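# Summary of structural features
Residues per chain, in single letters:
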Amino acid sequence: MTARAHLSWPLLGKISQKEFLAKYWQKKPLLMKGAIHPFPEIISPEELAGMTLDKAIESRLIIQGPGKNNWQLKRGPFKASTFQKLPKKKWTFLVNGVDRFVPSVHAFLDEFSFIPFWRMDDIMISYAVDQGNVGAHVDNFDVFLVQAAGKREWMIEDKPVMQDDFIPDLPVRLLRKFKPTHRWVLEPGDILYLPPRFPHHGVAQGDRCMTISVGCRAPSVNEVINGVVTNALIQSDESSRYTDPDLKPQAPGEISADAVAKLKKTIEQALLSDDFLSEWLGRHVTDPYSDVDLKGHAESIAPGKVAATLKSAIALVRTEGSRLAYVKGKKDEIAFYVNGDRENLSGKAALLAQELANRIVVPCERITPFLGDKKCLGLLASLLSTGALVVES
Ligand code: SIN
Ligand code: CO
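Below or above, wherever it landed, is the structure these notes cover. As the structure is a prediction and not an experimental result, all values here were calculated from the model.

We now examine the overall build of the protein. A count of helical and extended segments in the protein gives 10 helices and 15 strands. Here the C-alpha coordinates of the protein stretch approximately 75 × 70 × 45 Å along the principal axes. Sorting the 393 residues of the protein into buried and exposed places 46% on the buried side. Looking at the protein alone, contacts between residues at least 24 apart form 78% of all its contacts between residues at least 6 apart. On the protein, roughly 20,900 Å² of surface is accessible, and the fraction owed to carbon and sulfur atoms is 54%.

The next thing to look at is the pairing of strand 3 (residues 71–75). Taken together, the 5 bridges between strand 2 (residues 59–64) and strand 3 define a ladder with antiparallel strand orientation. Opposite Leu 61, over in strand 3, you have Lys 74 as the bridge partner. Between the end of strand 2 and the start of strand 3, which pair antiparallel, lie 6 residues, with Gly 67 showing a positive phi angle near 80°.

Let us now look at the packing of aromatic side chains. Across all of its chains, the model carries 18 aromatic pairs by this definition. Taking the centre distance of 6.2 Å and the plane angle of 20° together, the rings of Phe 20 and Tyr 24 count as stacked. Here Tyr 24 and Phe 20 lie together in helix 1 (residues 17–24), a separation of 4 residues that amounts to about one turn. With a relative accessible area of 0%, Phe 20 lands in the buried category. Aromatic pair Phe 112 and Phe 114: ring centres 6.2 Å apart, planes at 40°, arrangement tilted. With relative accessibility at 1%, the residue Phe 112 sits in the buried group.

This next bit is on the sheet that holds strand 11 (residues 324–328). Taken together, 3 strands build an open sheet; the order of strands is 11-12-13 and the sheet is antiparallel. Edge positions in the open sheet fall to strand 11 and strand 13 (341–345), since each of these has one partner strand only. Taking the axes of each pair of neighbouring strands and ignoring which way they run, one obtains an average angle of 25° across the sheet. Pairing of strand 12 (residues 334–338) with strand 13, which is carried by 5 bridges, proceeds in the antiparallel orientation. From the neighbouring strand, Phe 336 faces strand 13, where its bridge partner is Glu 343. Relative to strand 12, helix 7 (residues 274–286) is tilted by about 25°, and along the sheet it contacts strand 11, strand 12 and strand 13.

Let's shift gears to the packing of helix 8 (residues 303–311) against helix 10 (residues 374–385). The N-to-C vectors of helix 8 and helix 10 enclose an angle of 80°; their axes lie 8 Å apart at closest approach. If you check the angle between helix 8 and helix 10, you find them roughly perpendicular. For the pair helix 8 and helix 10, the contacting residues are Pro 303, Val 306, Ala 307 and Leu 310 in the first and Leu 377, Gly 378, Leu 380 and Ala 381 in the second. Among the residues making up the contact of helix 8 with helix 10, the classes are represented as 7 nonpolar, 1 polar and no charged.

Rules of the game
- Residues numbered from 1 in each chain as written.
- Chains lettered and ligands numbered in written order.
- Predicted model: local features only at pLDDT ≥ 70, side-chain atom pairs only at ≥ 80, totals over all residues.
- Heavy atoms only, no water.
- Helix = DSSP H or I, 4+ residues; strand = E, 2+ residues; numbered from the N terminus.
- Buried < 20%, exposed > 50% of the residue type's maximum accessible area, 1.4 Å probe, protein only.
- Contact = heavy atoms within 4.5 Å.
- Areas by Shrake-Rupley, 256 points an atom, 1.4 Å probe, with all protein chains shown as cover.
- Pairing = 2+ DSSP bridges.
- Phe/Tyr/Trp six-rings, centres within 6.5 Å; stacked < 30°, edge-to-face > 60°.
- Axes fitted to C-alpha atoms, helices over the stretch in contact; angles between N-to-C directions.
- Parallel < 35°, antiparallel > 145°, perpendicular 65-115°, else oblique.
- Nonpolar A, V, L, I, M, F, W, Y, C, P; charged D, E, K, R; others polar.

Structure below.
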């Protein structure tokens, strides 16, 4: 079994999860010294560097040259020789979506389960040599910057900036103005939480500086409207139309307030029912990324063999890149979303599905109570057979 990191609550000995959400989440930055202590190595610099050679994985190299505003951005995949030709200082490589490829990094998401999984985007990990940095910038998402190895000085501004104002003609989007109000040196296990659009700038102090960015996802209004409308268009047909059997006498040239109200109702009925929206969101947020290959993890298993297999196992683990979520319905029913598909469940199977969706790594003792139920065995067999879950022995 790989080493696992544990975020110790209450943070800083005093902040509970409830308080974190109430006071800081999406509101203000929080430095959490010693949040994960000791910090285990969930990925080595060498393994991370190896990922930059893979053409299926998105990686970047950012080099700061001498003088002002001198930046180079190179996109992976790289050759091993790329790293031998680099200067001694001021470079960083960054790998996106590491959680979709490395089980121990995927399991790290369990430490952030005080935020719904569907609000998490991915884990990006950077490696920097002394003075390596990517410049002062803002991100559009909440981010937990976890110092995994070495030291990094973070400088931040304590107010978000809503307007983009970048230095022109650079390959990276850096802020034209940056006046830090706070600076801290982070050591392994320290975490800096930043809400969206808080300016920040992190500079490695010494070599072998690794920073894990646990980035959150917030669908843009454009993405939501586009997705919802496209889905509604697929489902609607020409026969459902605007109707006005209660039309009142009116001037023929006027578009009445009544007509506008009816139009609003027509749109509401087509797009805004709770069922329609939860179905769209459930499928959308569990839709697998295009770079994820779950079939490669699929282990065909008959329902009758599941209990025996799990008897000798440690945990059922959500495969890296696999996404599960559920929406509660009436009584004990749930809509269970598994990598873009829905299954309606009730009773014990619904409880089991919730166990599975609420953790990345589910210890087997949490599954044992369900192994006498036929529907539960069927559900587990199907999740293992499609590669949504894997057994950790
Ligand atoms: C880094 O890891 O160097 C940069 C991460 C960030 O600022 O989002
Ligand atoms: Co950033």
